[in-house]
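Read off the chains here:
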Amino acid sequence: MQRLLASGTLALVTGLALAGCAAEVPTGTVTLQVSEFAADHGSDSVEIALSVGGEEVELVELGEGDGRVIEDVPLGWLKIDALDYCSGEAELTAGAPAMSLVISAEGCTFGD
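Residues numbered from 1 in each chain as written. Predicted model: local features only at pLDDT ≥ 70, side-chain atom pairs only at ≥ 80, totals over all residues. Heavy atoms only, no water.

Quick notes on the state of the cysteines
Cysteine pairs can be linked by a disulfide, which is a covalent bond between their two sulfur atoms.
Working step 1: Applying the stated criterion across every chain, the model contains one disulfide.
Working step 2: Note on cysteine connectivity: Cys86 is disulfide-linked to Cys108, with sulfurs 1.9 Å apart. Taking the torsion about the S-S bond as the criterion, the Cys86 to Cys108 disulfide, at about -90 degrees, is left-handed. Of this pair, Cys86 sits in strand 6 (residues 86-92) while Cys108 sits in strand 8 (residues 107-111), placing them 22 residues apart in sequence. (Disulfide = S-S within 2.5 Å. Helix = DSSP H or I, 4+ residues; strand = E, 2+ residues; numbered from the N terminus.)

This is the structure:
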C-alpha cells in the first residue's frame, strides 16, 4: 500500500512539473553590435529601442565596439530602432526567433 501511495505521489509531482514546463511561453533573442559609426554620426553612442507590437520592451545605449544579446524578447512584430541612425522590422516567431542589427561605417545590417 505504501509503495502504491509513493508511486502515485511521484507520478503526480512529475505530472505537475511537466505541466509547468509545457506552459512556458516561447521568446526570441536580439543581438546588437556596433563596430563603427559613420563619420557623420556626430556622437560616440546610439540609443537602440526594441518594441514588439508597438510596445517598447528594451532600451539600450551602445558605443563603438559594444555589443549586447537581449534574450526573452516576446514573439511578434519586432521593431529595432537605432534612434537617429536606422531602423528595421521583422516578425519573431517560434520558427524564426532571432533578429540582429550590426552598425558599421557603411550603415546598418539587419539579419536573423
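Considering the pairing of strand 3 (residues 55-63)
Working step 1: Relative to strand 3, strand 2 (residues 45-52) runs antiparallel, the two being bridged by eight bridges. Within strand 3, the residue paired with Glu47 across the bridge is Glu61.
Working step 2: Taken together, strand 2 and the strand that follows it, strand 3, pair antiparallel across an intervening segment of two residues, in which Gly53 is found at a positive phi of about 60 degrees. (Pairing = 2+ DSSP bridges.)

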